[in-house]
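# Survey of secondary and tertiary structure
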Amino acid sequence: MRFDRSAGIFCHVTSLPSDHGIGDLGEGAEAFCSFLGDAGVGHWQICPIGPTMDAAGESPYQSPSAFAGNPLLIDLDGLVADGWLDESDLEPVPDFPRDRVDYGAVREYKLPLLRTAFDRFDASKSAEEAAELDAFREREPWLADYALFRALSDARPEGTWAEWPEPLRTREPDALAAARVEHATEIRFTEFVQWTFDRQWRDLREAAADEGVSIVGDVPIYVALDSADVWANPEAFHLDDQNRPAAVAGVPPNAGDDGQRWGNPVYDWEQLAARDYDWWMARFRRLFDLADVARLDHFLGFVKYWAIPADGDPADGEWRDGPGRDLFEAVEREFGKAPFIAEDLGFEEPAMDELMAEFGFPGMRVPQYANWCAEGDQYQPMHYPEGVVGYTSTHDTDTWVGYFEDLPERQRDCFRFNVGAEGDRGVEWEIIDEVWGSEAVLAMTTLQDLLGLDSGARFNEPGTLDGNWDWRVRRDALADDLADRLWELGGQHVR
C-alpha cells in the first residue's frame, strides 16, 4: 500500500475565491491550503489544470495540451509583484459573479493583461530572468511544439489542425521552420505565459506542502483531437497517412443505449511500446513535477479499449488490448512506485482488478452508486475494503444533498437505517462520517458536500456542454468552525 490512511477534499482551482473572476494560483488558493491544514486534511484533489476551450464547454478533460497550464489560472497580483504589471493596470476590475465563472468575461479581462505583462518582460527582462526562461524551455521539451501549435491555431481560420494545409498538418520541417519565424512573437508570448504559470504553481505547491497537504492531480486517459499532443506526436496515435484519426475512443452499446462516441484519437500502443512508451513517460514526468498523487481516469482503457472507426458509430467499434502491465512496469523502471488512484467505476473486468492489485493502485468507491436496501452492496461505505479511495461525490456526480433529495423514499429510509442517521445533523455529514469511518485508505469529499450544497452547485453533468465547470466558493464559506468540525471528525476516524 503506497498511501497512509488519510483524508482529502476535492475542489478544482477554478472554484476558489479570487477578485478576478476565476480561482487562480494566488492568495485564495493559499488560503484554501491553510484551511485544509487547519482541518487536518492531507490531500487536495483537483481536475486537470491544462488550458480549456469554449468549444469544449471549458472542460478540463478536453484540453489542447496534456502538459501546459491554464493561463486563466495565473494570479495577476503575482505579476504585479514581479513588476510586469502595475496595480493601475488591473483597474477597473469587472463586476464578476462571485459564485460562478464567466469564462468569456474572464478571458476578455485577463488575456490582455497577460499580454501587457509579456510586453514589459520582453522589453526589460534582466539577465537572470532571461536565463530562468531559457532554463524552463530546456527543461520542458513539449513547450516548443505547444507554443507553435497555439500560434498556428490562433492564426488559421480552420476549425482544428486536422484541416490545416498539408505541410503544416503533416509537420514538414521547412513549413514548421517558416512558421516559427513568422510567429516568433506569439511563440515567445506563450512560452512566457507557461513559464509564469509554472513558477506560480510551484510556489502554490510549496505552500500546500507547508500545510502538510499533498496535491492529487488527474490524468485523462485520452487527449483531445485538437491538441498539440496529437499534432506534435502523430506516432503515438492511431492516425492515417494524412495524420487524421483512423479510430476514435468511446464505449460500446449496452442494453437500452447506443453507446458513446467520445471522438478522442486512440493510441497506437504497439508503436508506443516499441519506443518504450516515450510520450507517456514524458506525460508522467510532467505530472509528477506538478502533483504528488494522480488519479488515472478510465483505468479500464489501459487494459482494453473500445476503438470506433473514424467514420463509424459506437456499434461499429471493437475491443482492443491496452498495454496492461507492460506500461506500468515501464513506469516503475522510470519513476519507481507510482502513487496512482485507478478510476475503475462502472466496469467489471477481472483483468483490470488484477492489474490494480499487482501494482497496488487503489480503486474508487462512490456511495451514490449504492443500493441502500441491498445487504453487502460494495458502494455502501461500511463495506469498503482497505484498498480503495472512498468518495462522498465526485466532479461528475450530483452533490450528496442533491442526490439524496432525488432518492426514492425507501432508499432514503434504508440509508438512514444503515448509517444510524441522527436527526440533529445534515445528510451531508452523515455520509462524510460514513466515508471517514470506512476502511478506505483515503476518505474524500467535495467542497460542495462539505458545505451541504444542493444540485445547484453540481460541478459537471457528463454528456452536456453548458453550465458545467463554473461553480465557485465564496471566501466566507471557508470558516474556522467548518475546519474545526472536519478536524474533529478526522481525529475520530482517520488520524
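Residues numbered from 1 in each chain as written. Predicted model: local features only at pLDDT ≥ 70, side-chain atom pairs only at ≥ 80, totals over all residues. Heavy atoms only, no water.

The subject of this paragraph is the overall build of the protein. Across its full length, the protein holds 18 helices and 12 strands. What you see for the protein is a C-alpha radius of gyration of 23 Å, in line with the 23 Å of a compact globule of 495 residues. If one aligns the C-alpha atoms of the protein with their principal axes, the spans along those axes are about 70 × 55 × 40 Å. When each of the 495 residues of the protein is scored for burial, the buried share is 55%. Summarising the internal contacts of the protein: among those between residues at least 6 apart in sequence, 74% fall at separations of at least 24. Counting every atom, the protein has about 20500 Å² of accessible surface; 45% of that belongs to carbon and sulfur. (Helix = DSSP H or I, 4+ residues; strand = E, 2+ residues; numbered from the N terminus. Rg over C-alpha atoms; globule rule 2.2 N^0.38 Å. Buried < 20%, exposed > 50% of the residue type's maximum accessible area, 1.4 Å probe, protein only. Contact = heavy atoms within 4.5 Å. Areas by Shrake-Rupley, 256 points an atom, 1.4 Å probe, with all protein chains shown as cover.)

Counting residues in hydrophobic clusters, the biggest one holds 154 residues, and the most contacted among them are Trp 44, Trp 280 and Phe 328. In terms of residue count, the dominant contributor to this core is helix H8 (residues 184–210) (nine residues). What Trp 280 contacts, discounting residues up to four positions off in sequence, is Val 219, Ile 221, Tyr 267, Trp 269, Leu 272, Phe 302 and Leu 327. (Core = buried A, V, L, I, M, F, W, Y, C linked by side-chain atoms within 4.5 Å.)

What follows is about the pattern of salt bridges. According to the stated counting rule, one finds 37 salt bridges in the structure shown. Linking Arg 120 and Asp 89 is a salt bridge whose minimum nitrogen-to-oxygen distance equals 2.5 Å. Taken together, the residues Arg 120 in helix H3 (residues 103–124) and Asp 89 in the loop between helix H2 (76–82) and H3 connect sequence positions 31 residues apart. The partly exposed category is assigned to Arg 120, whose relative accessible area is 28%. A salt bridge links Glu 329 to Arg 325; the nearest nitrogen and oxygen atoms lie 2.6 Å apart. Note that Glu 329 and Arg 325 are positioned in helix H12 (residues 325–335) at a spacing of four residues, about one turn of the helix. (Salt bridge = Lys/Arg side-chain N within 4 Å of Asp/Glu carboxyl O.)

Glancing now at the packing of helix H16 (residues 427–437) against helix H18 (residues 480–493). The contact between H16 and H18 brings their axes to 9 Å, and the two run at 35 degrees. Crossing handedness for the pair H16 and H18: right-handed. Counting all contacts with H16, which are made through Trp 429, Ile 432, Asp 433, Trp 436 and Gly 437, the residues of H18 involved are Leu 482, Arg 485, Leu 486, Leu 489, Gly 490 and His 493. When the residues that make up the contact of H16 with H18 are grouped by side-chain class, the tally is six nonpolar, three polar and two charged. (Axes fitted to C-alpha atoms, helices over the stretch in contact; angles between N-to-C directions. Left-handed = near helix turned anticlockwise from the far one by under 90°. Nonpolar A, V, L, I, M, F, W, Y, C, P; charged D, E, K, R; others polar.)

This part is about a negative patch on the surface. Residues Glu 30, Asp 38, Asp 203, Glu 206, Asp 210, Glu 211, Asp 480, Asp 481, Asp 484 and Glu 488 make up a contiguous surface patch of negative charge. Those elements that place two or more of their residues in the negative patch are helix H1 (27–38), H8 and H18. With four residues, the top contributor of residues to the negative patch is H18. Relative to the helices and strands, Asp 210 is located in helix H8. Looking at Asp 210, the relative accessible area reads 64%, which means it is exposed. (Patch = residues over 30% accessible without salt bridge, like charges linked within 9 Å, V, L, I, M, F, W, Y side chains within 5 Å. Lys, Arg positive; Asp, Glu negative; His and termini not counted. Charge placed at Lys NZ, Arg CZ, Asp CG, Glu CD.)

A few words on the pairing of strand S6 (residues 293–296). Burial along S6 is two-sided: Val 293 and Arg 295 and Ala 294 and Leu 296, pointing in opposite directions, are all buried. In the sheet, strand S3 (residues 214–219) pairs with S6 via four bridges, with the strands oriented parallel. In the sheet register, Gly 217 faces S6, and the bridge partner there is Ala 294. (Pairing = 2+ DSSP bridges.)

Note that Asp 241 resides in the loop between helix H9 (228–232) and strand S4 (247–251). Given the relative accessible area of 68%, Asp 241 is considered exposed. Considering only alpha carbons, one finds Asp 241 and Ala 294, 53 residues apart in sequence, at a separation of 34 Å.

The full count for this structure, using the stated rule, is 56 aromatic pairs. An angle of 65 degrees between the planes, with centres 6.4 Å apart, marks the rings of Phe 10 and Phe 459 as edge-to-face. In this pair, Phe 10 is assigned in strand S1 (residues 6–10) and Phe 459 in the loop between helix H17 (447–450) and H18, connecting sequence segments 449 residues apart. The residues Phe 10 and Phe 459 share a single accessibility class, namely buried. (Phe/Tyr/Trp six-rings, centres within 6.5 Å; stacked < 30°, edge-to-face > 60°.)

Right, let's talk about the layout of surface pockets for a bit. As a volume, the largest pocket reaches approximately 1400 Å³. What lines the largest pocket is a set of 40 residues, among which Gln 260, Trp 262, Asp 396, Pro 462 and Gly 463 lie closest to the centre. Looking at the lining of the largest pocket, the element that brings in the most residues is strand S5 (residues 260–265), giving five residues. In the lining of the largest pocket, the residues fall into 18 nonpolar, 16 polar and six charged. Its volume calculated, the second largest pocket comes out at about 640 Å³. When residues of the lining of the second largest pocket are traced back to their parent elements, those giving at least two are H3, helix H5 (143–155) and H8. Partitioned by chemical class, the residues of the lining of the second largest pocket number 13 nonpolar, seven polar and nine charged. (1 Å grid on protein atoms, 1.4 Å probe; cavity = no way out; pocket = protein on both sides within 12 Å on 5 of 7 lines; lining within 4 Å. Points joined across faces, edges and corners; volume = space filled by probe spheres on them.)

It is worth spelling out empty space enclosed by the protein at this point. Evaluation of the coordinates by the stated rule reveals four cavities of 30 Å³ or more. In this structure, the largest cavity occupies an estimated 350 Å³ of space. If you trace the largest cavity, you find 27 residues lining it, with Pro 48, Ile 49, Ala 66, Asp 218 and Pro 220 closest to the centre. Among the secondary structure elements, those contributing two or more residues to the lining of the largest cavity are S3 and helix H11 (278–290). Of the residues that constitute the lining of the largest cavity, the class distribution is 18 nonpolar, five polar and four charged.

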